[in-house]
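Residues per chain, in single letters:
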Amino acid sequence: MSAATRSTSRGARSRRAPDRLCAEAVELARAAAEEAAAPGTVGAWLEAVADAHADRVVTHFFEANEPGYRGWRWAVTVARASRAKNVTVDESVLVPGPDALLAPEWVPWSERLRPGDLGPGDLLPTDADDLRLEPGYSGAEAPPPDSAVAEQRPEARGPSRAAIGAVAEELGMGRPRVLSRYGLHAAADRWEETHGPKTPMAQAAPASCVSCGFLVPLAGSLRQAFGVCANEYSPADGHVVSLAFGCGGHSEAAVMPRTPQPPPPVIDETVADPFESD
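Report on the accompanying structure.

What counts, and at which threshold
Residue positions are given per chain, counted from 1 along the sequence in the order it is written. pLDDT decides what is reported in this predicted model: residues at 70 or higher carry local features, side-chain atom pairs at 80 or more are listed and counted, and totals for whole chains, interfaces and linings draw on all residues regardless. Side-chain figures throughout are based on the complete set of non-hydrogen atoms in the structure, without hydrogens or water. Under the DSSP-based scheme used, a helix requires at least four consecutive residues in state H or I and a strand at least two consecutive residues in state E, with every element numbered from the N terminus. For a helix, the expected span equals 1.5 Å multiplied by the number of residues minus one. In this scheme, a residue with accessible area under 20% of its type's maximum is buried, one over 50% is exposed, and one in between is partly exposed, where area comes from a 1.4 Å probe on protein chains only. The directions from the helix axis to the C-beta atoms form the arc being described. Any two residues having at least one pair of non-hydrogen atoms within 4.5 Å are treated as being in contact. One requirement defines pairing of two strands: DSSP has to find at least two bridges between them. In these notes, a set of buried Ala, Val, Leu, Ile, Met, Phe, Trp, Tyr and Cys residues joined through side-chain atoms within 4.5 Å is what counts as a nonpolar core. Axes, fitted as lines to C-alpha atoms, cover a helix only where it is in contact. Angles between the N-to-C directions of the axes lie from 0 to 180 degrees. Two N or O atoms form a polar contact when they lie within 3.5 Å of each other; inside protein one atom must be a possible hydrogen donor and the other a possible acceptor, and for residues adjacent in sequence the pair counts only when both atoms belong to side chains. Patch membership needs two things, relative accessible area over 30% and no salt bridge, and members are linked within 9 Å if like-charged or within 5 Å if nonpolar (Val, Leu, Ile, Met, Phe, Trp, Tyr). Calculation of accessible area relied on Shrake-Rupley with a 1.4 Å probe; when residues are assessed, cover is drawn exclusively from the protein chains displayed. The rule for a salt bridge is simple: a side-chain nitrogen of Lys or Arg has to be within 4 Å of a carboxyl oxygen of Asp or Glu.

Brief notes about helix H5 (residues 181–194)
Right, so step 1: Taking 1.5 Å of rise per residue, the 14 residues of H5 would be expected to cover 20 Å, and the 20 Å separating its terminal C-alpha atoms lies within 8% of that figure.
Right, so step 2: What H5 keeps buried is the set Gly 183, Ala 187 and Ala 188. Projected down its long axis, H5 carries its buried residues within an arc of 130°, all on one side. Opposite its buried face, H5 presents the exposed residues Arg 181, Asp 189 and Glu 193, each directed more than 90 degrees away.
Right, so step 3: Looking at the packing, one finds that the buried side of H5 touches strand E6 (177–179) and strand E8 (226–229).

So this is what it looks like as structure tokens:
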């Protein structure tokens, strides 16, 4: 590895003096940089740095006036053989300087993905060791009832594997993977943040969702803390909400009174009404 590919900060440079002949080969280094760069983009010579791990190897740095490469420098490494006076060019490369404008660190797509980015036709693969998931139960791992490793004897083997599989599928246990405890907690944290008791909507609500008739409770352990709003006029309609969430659409917060009905007319049928004759 040449000095051009190593850090050129003051603390990382060697304190050895550059080889005299290599240090004097400024024009040779400039010609190599101009050959690799666009015309007129090689600026003034900056410095010569001796290689920290090799003798008679020096890197010359020149200003780079390349558009879009602010703070970058052309680095040309030259060297000569032992007892030779002929200096040759090893390589020339454009490298960032101490104040160079650099692109942000690359982030994998799986870490750049945000909620709502998935659109129609998009495929979102999950890792085999995704912490949000754990293996489910399908019954395929259980040995046949009449096998040597079965826990029960054939004559008292109980329900068949098909029956167990049907029950497992109905309970949601027939899937290859199900939510892990970490996945449940992560989902609960998200729902609590968007539709929880600390939101401005819940703070101004007349009552919480736990007593609302439009709440559809979830199944499983999440039933104790979450449900789905089924009020079409609520801003949380169709969303998972915390039982401590609330809004102005609570079913019992403001019950509209019935429209008053006028009393029926009173007709006295025991007295005859006189009518004047013409």
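Regarding the pairing of E8
Right, so step 1: Where strand E7 (residues 215–217) lies against E8, three bridges are found, and the strand directions are antiparallel. Bridge pairing in E8 places Leu 215 opposite Cys 229.
Right, so step 2: The pairing of E8 with strand E9 (residues 240–242) spans three bridges and is classified as antiparallel. Counted as the bridge partner of Val 228 is Val 240 from E9.

What about unusual backbone geometry?
Right, so step 1: Phi angles above zero are rare outside glycine, and Arg 56 is one such case at about 60°.
Right, so step 2: Locating Arg 56 in the fold gives a position in the loop between strand E1 (42–50) and strand E2 (57–64).
Right, so step 3: What makes Arg 56 partly exposed here is its relative accessible area of 28%.
Right, so step 4: A positive phi is found at Arg 83, a non-glycine position, where the angle reads about 65°.
Right, so step 5: Note that Arg 83 resides in the loop between strand E3 (72–79) and strand E4 (88–96).

A look at the nonpolar core
Right, so step 1: Counting 14 residues, the largest nonpolar core has Val 42, Phe 62, Trp 74, Val 76 and Val 78 as the members making the most contacts within it.
Right, so step 2: For Val 78, the residues in contact, after removing those within four places along its chain, are Cys 22, Ala 29, Arg 56, Val 57, Val 58, His 60, Val 87, Thr 88, Val 89 and Asp 90.

A few points about helix H2 (residues 26–36)
Right, so step 1: Regarding H2, the residues found buried are Ala 29, Arg 30, Ala 32 and Ala 33. The arc that holds the buried residues of H2, viewed along the axis, is 160°, so those residues lie on one side. The exposed residues of H2 that point more than 90 degrees off its buried face are Glu 27 and Glu 35.
Right, so step 2: On the buried face of H2, the contacting elements are E1, E2, E3 and E4.

Some thoughts on the sheet that holds E9
Right, so step 1: With antiparallel pairing, three strands are arranged side by side in an open sheet as E7-E8-E9. Single-partner strands in this sheet number two, and they are E7 and E9. On average, each strand axis in the sheet is tilted by 45° relative to the strand beside it, whichever way the strands run.

As for the environment of Thr 59
Right, so step 1: Along the polypeptide, Thr 59 turns up in strand E2.
Right, so step 2: A relative accessible area of 0% means that Thr 59 is categorised as buried.
Right, so step 3: Here the alpha-carbon distance between Thr 59 and Asp 90, two residues 31 residues apart in the chain, equals 9.4 Å.
Right, so step 4: Within the structure, Thr 59 has its side chain in polar contact with the side chain of Thr 77 (distance 3.0 Å).

A closer look at a nonpolar patch on the surface
Right, so step 1: There is a patch of nonpolar side chains on the surface, built from Trp 109, Leu 113, Leu 118 and Leu 124 and spanning about 370 Å² of accessible area.
Right, so step 2: Note that Leu 124 resides in the loop between helix H3 (109–112) and strand E5 (133–135).

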